[in-house]
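Read off the chains here:
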There are 4 protein chains.
Amino acid sequence: MTNAQMTAGVPMKWVGPLRVSGNVTTVETDVPLATYESPLWPSVGRGAKVSMLAEDGIVATLVDERMTRSVLVEAVDAQTAHTAARTIEARIDELRDVVRACSRFAELIGVRHEIAANLLFVRFEFSTGDASGHNMATLASDALLQHLLRTVPGISYGSISGNYCTDKKATAINGILGRGKNVVTELLVPRDVVETVLRTTAAKIVELNLRKNLLGTLLAGGIRSANAHFANMLLGFYLATGQDAANIVEGSQGVTMAEDRDGDLYFSCTLPNLIVGTVGNGKGLDFVEANLTRLGCRAERVPGENARRLAVIAAATVLCGELSLLAAQTNPGELMRAHVQLERDKQTVKVGA
Amino acid sequence: MTNAQMTAGVPMKWVGPLRVSGNVTTVETDVPLATYESPLWPSVGRGAKVSMLAEDGIVATLVDERMTRSVLVEAVDAQTAHTAARTIEARIDELRDVVRACSRFAELIGVRHEIAANLLFVRFEFSTGDASGHNMATLASDALLQHLLRTVPGISYGSISGNYCTDKKATAINGILGRGKNVVTELLVPRDVVETVLRTTAAKIVELNLRKNLLGTLLAGGIRSANAHFANMLLGFYLATGQDAANIVEGSQGVTMAEDRDGDLYFSCTLPNLIVGTVGNGKGLDFVEANLTRLGCRAERVPGENARRLAVIAAATVLCGELSLLAAQTNPGELMRAHVQLERDKQTVKVGA
Amino acid sequence: MTNAQMTAGVPMKWVGPLRVSGNVTTVETDVPLATYESPLWPSVGRGAKVSMLAEDGIVATLVDERMTRSVLVEAVDAQTAHTAARTIEARIDELRDVVRACSRFAELIGVRHEIAANLLFVRFEFSTGDASGHNMATLASDALLQHLLRTVPGISYGSISGNYCTDKKATAINGILGRGKNVVTELLVPRDVVETVLRTTAAKIVELNLRKNLLGTLLAGGIRSANAHFANMLLGFYLATGQDAANIVEGSQGVTMAEDRDGDLYFSCTLPNLIVGTVGNGKGLDFVEANLTRLGCRAERVPGENARRLAVIAAATVLCGELSLLAAQTNPGELMRAHVQLERDKQTVKVGA
Amino acid sequence: MTNAQMTAGVPMKWVGPLRVSGNVTTVETDVPLATYESPLWPSVGRGAKVSMLAEDGIVATLVDERMTRSVLVEAVDAQTAHTAARTIEARIDELRDVVRACSRFAELIGVRHEIAANLLFVRFEFSTGDASGHNMATLASDALLQHLLRTVPGISYGSISGNYCTDKKATAINGILGRGKNVVTELLVPRDVVETVLRTTAAKIVELNLRKNLLGTLLAGGIRSANAHFANMLLGFYLATGQDAANIVEGSQGVTMAEDRDGDLYFSCTLPNLIVGTVGNGKGLDFVEANLTRLGCRAERVPGENARRLAVIAAATVLCGELSLLAAQTNPGELMRAHVQLERDKQTVKVGA
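Residues numbered from 1 in each chain as written. Chains lettered and ligands numbered in written order. Predicted model: local features only at pLDDT ≥ 70, side-chain atom pairs only at ≥ 80, totals over all residues. Heavy atoms only, no water.

### Considerations on the interface of chain D and chain C
Think of interface size as the accessible area that goes away when the parts come together; that is how it is often given. In this complex, chain D contributes 91 residues to the contact, which on the side of chain C involves 91 residues. Note on chain D versus chain C: buried area summed over both sides is about 7,400 Å², and carbon and sulfur give 61% of it. There are 34 residue pairs in polar contact (both at pLDDT 80 or more) connecting chain D and chain C. By residue number, the principal contributor to the side of chain D that touches chain C is strand β1 (residues 5–22) of chain D, which donates 12 residues. When grouped by side-chain class, the residues that make up the side of chain D that touches chain C number 43 nonpolar, 33 polar and 15 charged. (Contact = heavy atoms within 4.5 Å. Buried area = accessible area lost by both parts, 1.4 Å probe. Polar contact = N/O pair within 3.5 Å; in protein donor to acceptor, adjacent residues only side chain to side chain. Helix = DSSP H or I, 4+ residues; strand = E, 2+ residues; numbered from the N terminus. Nonpolar A, V, L, I, M, F, W, Y, C, P; charged D, E, K, R; others polar.)

### Details of the packing of helix α7 (residues 202–219) of chain D against helix α11 (residues 305–329) of chain D
Residues and elements named next belong to chain D. Running from N to C, α7 and α11 point in directions that differ by 95°, and their axes come no closer than 10 Å. By the angle between their axes, α7 is roughly perpendicular relative to α11. Of the residues in α11, those touching α7 at Ile205, Leu208, Asn209, Lys212 and Asn213 are Glu322, Leu326, Ala327 and Gln329. Tallied by class, the residues present in the contact of α7 with α11 amount to 4 nonpolar, 3 polar and 2 charged. (Axes fitted to C-alpha atoms, helices over the stretch in contact; angles between N-to-C directions. Parallel < 35°, antiparallel > 145°, perpendicular 65-115°, else oblique.)

### Some details on the interface of chain A and chain B
At the junction of the two partners, chain A supplies 91 residues and chain B supplies 90 residues. Summing the contributions of chain A and of chain B, the shared interface buries around 7,400 Å²; its carbon and sulfur component is 61%. When the buried area of chain A at its contact with chain B is split by residue, A:Tyr36, A:Arg211 and A:Met336 rank highest and sum to 9% of it. At the boundary of chain A with chain B, the tally comes to 2 salt bridges. Across the salt bridge formed by B:Glu74 and A:Arg211, the nearest N and O atoms sit 3.0 Å from each other. (Salt bridge = Lys/Arg side-chain N within 4 Å of Asp/Glu carboxyl O.)

### Comments concerning the relation of the copies chain A and chain B
For these two chain copies, the linking operation is a rotation about an axis paired with a shift along it. Its rotation angle being 180°, the transformation that places chain A on chain B also includes 0.0 Å of axial translation and leaves an RMSD of 0.0 Å. Taken together, the rotation angle and the small translation identify this as a two-fold axis. (Least-squares fit on C-alpha atoms with pLDDT ≥ 70 in both.)

### Concerning the domain arrangement of chain A
Residues and elements named next belong to chain A. The domain architecture assigned to chain A consists of domain 1 (12–64 + 180–332) and domain 2 (66–159). Computed over C-alpha atoms, the centres of domain 1 and domain 2 are 33 Å apart. Taken together, the two surfaces of domain 1 and domain 2 that pack against each other cover about 890 Å², and 43% of this comes from carbon and sulfur. Applying the counting rule to domain 1 against domain 2 returns 1 salt bridge. (Domains from an automatic or database assignment.)

### A short note on the relation of the copies chain D and chain C
Rotating chain D by 180° and moving it 0.0 Å along the rotation axis overlays it on chain C with an RMSD of 0.0 Å. The residues that chain D uses at the interface reappear at the interface of chain C in 100% of cases, marking a shared surface.

### Considering the packing of aromatic side chains
Considering all chains together, one arrives at 8 aromatic pairs over all chains under this definition. Centroid distance B:Phe121 to B:Tyr164: 5.8 Å. Interplanar angle 45°. Geometry classified as tilted. Residue B:Phe121 is found in strand β5 (residues 119–127), and its partner B:Tyr164 is found in the loop between β6 (155–159) and α5 (173–177); the two are separated by 43 residues along the sequence. Residue B:Phe121 is classed as buried on the basis of its relative accessible area of 0%. Across from the ring centre of A:Tyr266, 4.1 Å away, lies the NZ or CZ of A:Arg261, which sits over that ring. Over the ring of B:Trp14 we find B:Arg294; its NZ or CZ atom is 3.8 Å from the centre of that ring. (Phe/Tyr/Trp six-rings, centres within 6.5 Å; stacked < 30°, edge-to-face > 60°. Buried < 20%, exposed > 50% of the residue type's maximum accessible area, 1.4 Å probe, protein only. Lys NZ or Arg CZ within 6 Å of the ring centre and 35° of its normal.)

### A word on the environment of D:Asn163
Inspection of the secondary structure puts D:Asn163 in the loop between β6 (155–159) and α5 (173–177). With sequence-adjacent residues up to four places away left out, D:Asn163 is seen in contact with C:Lys212, C:Asn213, C:Gly216, C:Thr217, C:Ala220, C:Asn227, C:Ala228, D:Ser70 and D:Lys169. Only 2.9 Å separates the side chain of D:Asn163 from the side chain of C:Thr217, close enough to count as a polar contact. In terms of polar contacts, D:Asn163 uses its side chain to reach the backbone carbonyl oxygen of C:Asn227, at 2.9 Å.

### A short note on unusual backbone geometry
As a rule of thumb, non-glycine residues mostly have phi less than zero, and peptide bonds are mostly trans rather than cis. Residue A:Thr166 is bonded to the preceding A:Cys165 through a cis peptide linkage, with omega at -5°. Looking at the secondary structure, you find A:Thr166 in the loop between β6 (155–159) and α5 (173–177). Of note, the phi angle at A:Ala117 is positive, near 50°, even though the residue is not glycine. By secondary structure assignment, the location of A:Ala117 is in the loop between β4 (107–116) and β5 (119–127). A residue is classified by how much of its surface remains accessible, and A:Ala117, at 0% relative accessible area, is buried. The phi dihedral of D:Lys168 falls on the positive side, at around 65°, and the residue is not glycine. Here D:Lys168 shows up in the loop between β6 and α5.

### Side note on the nonpolar core
Membership of the largest hydrophobic core comes to 520 residues, with the highest contact counts inside it found for A:Phe124, B:Phe124 and D:Phe124. Excluding residues that lie within four positions of it along the chain, D:Phe124 makes contacts with D:Met67, D:Thr68, D:Arg69, D:Val71, D:Leu95, D:Leu108, D:Gly110, D:Val111, D:Ser141, D:Leu144 and D:Leu148. (Core = buried A, V, L, I, M, F, W, Y, C linked by side-chain atoms within 4.5 Å.)

### Quick notes on the pairing of strand β9 (residues 264–274) of chain D
All names here are of chain D. Extensive coverage of β9 is indicated by the burial of 10 of its 11 residues. As defined by bridge partners, strand β8 (residues 255–261) adjoins β9 across 7 bridges and the pair is classed as antiparallel. Within β9, the position partnered with Val255 by the bridge is Thr270. Hairpin connection from β8 to β9: 2 residues lie between these consecutive antiparallel strands, with Asp262 at a positive phi of about 55°. (Pairing = 2+ DSSP bridges.)

### Comments concerning helix α2 (residues 78–90) of chain A
End to end, α2(A) covers 18 Å across 13 residues, agreeing with the expected 18 Å (1.5 Å per residue, within 8%). When we look at burial in α2(A), the residues that qualify are A:Ala78, A:Thr80, A:Ala81, A:His82, A:Ala84, A:Ala85 and A:Ile88. (Expected span 1.5 Å × (residues − 1).)

### Points about the pairing of strand β3 (residues 58–75) of chain A
Residue and element names in this part refer to chain A. Among the 18 residues in β3, 15 count as buried, and that is most of the element. As paired strands, strand β1 (residues 6–22) and β3 are joined by 3 bridges and run parallel to one another. Considered in β3, the bridge of Gly22 is made with Ala60. In terms of strand pairing, β3 meets strand β7 (residues 180–189) through 7 bridges, oriented antiparallel. Within β7, the position partnered with Val59 by the bridge is Glu186. Bridge analysis of β3 against β5 gives 8 bridges, and the strand direction is antiparallel. Counted as the bridge partner of Leu72 is Phe121 from β5. Judged from the 4 bridges that link them, β3 and β6 form a sheet pairing that is antiparallel. Counted as the bridge partner of Leu72 is Ser159 from β6.

### Description of the pattern of salt bridges
Throughout the structure, instances matching the rule amount to 96 salt bridges over all chains. Between B:Glu65 and B:Lys181 there is a salt bridge whose closest N-O contact spans 2.8 Å. Linking B:Glu65 in strand β3 (residues 58–75) with B:Lys181 in strand β7 (residues 180–189), this pair joins segments that are 116 residues apart in sequence. Assessed through its relative accessible area of 24%, B:Glu65 is described here as partly exposed. For B:Lys181, a relative accessible area of 6% corresponds to the buried category. Its salt-bridge partner being D:Arg91, residue D:Glu94 comes within 3.8 Å of it at the nearest N-O pair. For D:Glu94, a relative accessible area of 32% gives the class partly exposed. The network of salt bridges with shared partners includes A:Glu74, B:Glu207, B:Arg211, D:Glu259 and D:Arg261.

If you want it as structure tokens, here you go:
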């Protein structure tokens, strides 16, 4: 019985539509969210509604993309590690060929390194087409590591992963050097929409964002993070689209900014570490295929285009939920009233059913 | 169609059994993991096997538990904020009564605060019985905040949540002040089991843990974290047991330690921020009820006991996967071989099916 | 020759006067700054001038004070560590007596702990009178540690300092749990002073503070810090008053906040980790004694009052320099023009001399 | 009187000699330390003695050097920021010329950027000859910024410094991208020297380093740091050699590693952020000139060579003090006994004098 495969049926709904534009795609689409926390649906739904009332909707700009894996080698001493690092930099073309020989889609686009004591951490950066690229990057790094161990003197195997990648851990390196898609979303909300749909003002949102997201997280000892709940939307979206949802750990590190532009609200979420793909593990499940297809992310396109489309839709979804929650928190008691009302509704539904 | 509720069927398996002892419970049990990453199952399974070969299995010690929510108030100035903070500390008994009046299960067990400029962040700490306690803590904090705004002079509403809680963000405060269950797991693996089951040595594990988990994460700019992949096991376990899986963000912050004790391996995972419950959102789903029941976490017990039992089983599961992956990474190429073999097996199965 | 003691003559000037009020003292005073970076003097001087033009000057509120040292003990296992921690908490009165027996001034005011694997970090918190208290805390902790090792079963010596204190390292714990004096300074600058003395506007300062101090530091991967250059003022003040200037490491972690209040500028610097004293190492040097005396910090007062006075003056000095630099950076080119002008002046002086 | 310049006479001693080798220089030299904390001298002295008993002494490998300044510009929107960033990357040669036109010594060697919302942080990296380069980098960045504002469409002035540099703040970026000299020091201490001079064992040092420096700092919420007291040695050395000692803030972020090699001790300190120079502010003072000369850092050499020599001597000095303190802390009570003895000696000296 232990070995039988079952499924954990996480409740899922489509909410929206939301409107996205920007340098990747222009689209109006519903979005699927799988979650045990049902208040997430109306919350994102309200943000989506706001996006439909803004002329360009959510403008999502993809500013970078790469998948990384860091290997760890031990050198005889620091000088040898230093020499090895310079050798690696000088042989980047050779390393590109090693990657091409072992993968159709992975392309080596950068190498960074750091030395501590006699240890050398080498961080390989790849483009990985439509895959999020965990396995592709690991496979390529394995080939690169074997190649280095054979050809660079004075070094020996440390680890195929040195935690300098960094996968599923909250660190500073991913934002600074890049890992996953880096998407900036922006939404200009007209004053009347702020008032009627969000029941608040631009000034209140700006103040709350400063005090809660920037200052509060800082005081809590946060690292490269200033947002209310990116993790919630990412989890729901990742589960619904077959992503490795453990990547919400670094995905949750991002920045919300808000400006009061004469009563209109400029609202922006920057997500530097969006790890998403449209092919690979989890993508073959029927409901995932259906969801990706409905999102328009299974079309015939240049490799990478489907994944980029998915990334900006994910980022726009995050903005919707972030905006809605912040708006609610500007008003004393609103959050609790919403929760209580929702629970009551569920009650009713259950009673009725 | 948008409003119809569907489910995202995340593949789930039970693996094990694993053996747990310690100050909460002694049990041998399989554990359920829901994930799109199928290599997780055999990986945790190997760790579970190791736990069965150690006399006491995984010794899990629960050292703390509390759920928190921080409210934010604006004071006229810093002096007023300071006076308010002292007033709050002096009125702790009164605040306890406020909480008791609004909740059957929540109990106020501590208050901390921090002042920046004229802003006062007040972090309430609660015990919440068998619930993870997000909503209970928010509800109680809402009542506390209203009470404070009515009775403490010179302060006004800032936010029901000031990000000083901290929920679903990677920060330092949760580990330092406590949030969720804090569980330390320890396993003493006999030398021959290290060699035959884990195909490595204690010395190799110790060295890898130092270089990868402690040093590598540090260089990556991590915060209060030194582990290989706590997030993976937590995600799988959280989804399978109806938890709010976005809490893997802080859950992933924890520490792996290893010692070479004359060839035997002392291996320990400390998880300071385990947010789990056996009642509340997500727990009413049929498969979740079934899973919690099979884990023995739906028995008639003193409130809190079921949740603590779930916490130590979750922590033990994390140790199993952590140990297995580290062991694999001590050997060049093993990780890739395992992945490739697994993919081939899936292929076979699919072909066969 | 190696053993001869010489002096490093760091250039020192008094700048000011600045005006301070608040819950510790009300005073107008010049402040001494020793530095190799001469632009610091006019920069702080400008801020001081602003403080004199505000009615209450800089309002400095001391909200906490304590000195800490963490010891590290190894326990047989986590359960033993947990039991030891609870024992320690239960015996707080006994531990207070241990401290009283070894020190006239140190008083144990709190104990916190954290467990990882089988290791127990115990963080002792002391009041230390007018001393910054490094040595007093270490001496008392040494006595406490010996006492614990004698009386608590199952633990053995790990280290007299476990880096969980934390001294001269940038961490989150000092701000969250408290170490040194925690001083909040506030200054309300009238609009015309903002314009004429600072040559900027409140709105510009607010915007720059948000983007540079809060967001920029966040993106850089800072930890509990949002300011432009607290470290500069602290270094100058610490050297001039005989402090252990290595404590600028944690002292530099603090938060600048700004608000545009109808054109007036509300400006605040929160310094949670000010480590200062008026007695102890370095305080016996002639120029230090003279400086402390001139600052009014060598008067006959209740123990602790002189040190608190010194702390709020230090914090006010930090605000002056912080405000001045931010104002300069709101204007393109102003910083460089000031530097170049200053260098030219020095040239002239040198030529003239 | 306010404007008169005096000096703060910080007590200074030369300790040593210590032995350094490696890729920059091979030398035996005393080192000057200015400090109010007199125990620092014998502590560093003991480490220096150990270095003389190791064949190659302290092997110091300089692995990187650069000085940085980040400017901040506001773009119309994120897309414009993104376009601007790509434009800047494409025009690197043009920017190099801009720098050459305004500085004889500064050379632009790299540019990195990050976008958040509509804000663009551009981090310029320079080589700066023998200067630490703060002012040179600021001057060059000012010219670069003006050039960009004139030639790149859609952007406007944000700040000459965006805290993404990062100067005198503890962040992750400096270690990851490089700032200052990055020096790795290594020392192999024979077993008998460990026992007789350091009165400990390699195993004890290894264990303490793991538990205190790596784990303890991690639990305290440290960022990219694992050492006992780098800040103390850096402060003393910086003051004695005319450096901007506020740079100990980032200088204190570094990593100590130790290995037990069959009883011999491999000990290493990695200092990624050493900001030092032999020309510039503070270097014209008589005692500084004398000290730099005695250290051999004022010789006729290729520009940059003197500063690199100073950097490796500084790093070696740090290792000496770090090793000595850790050794002391392996033994219960030794630290306090040393302090008490030292105080007693001072007493005697004073009585005698």
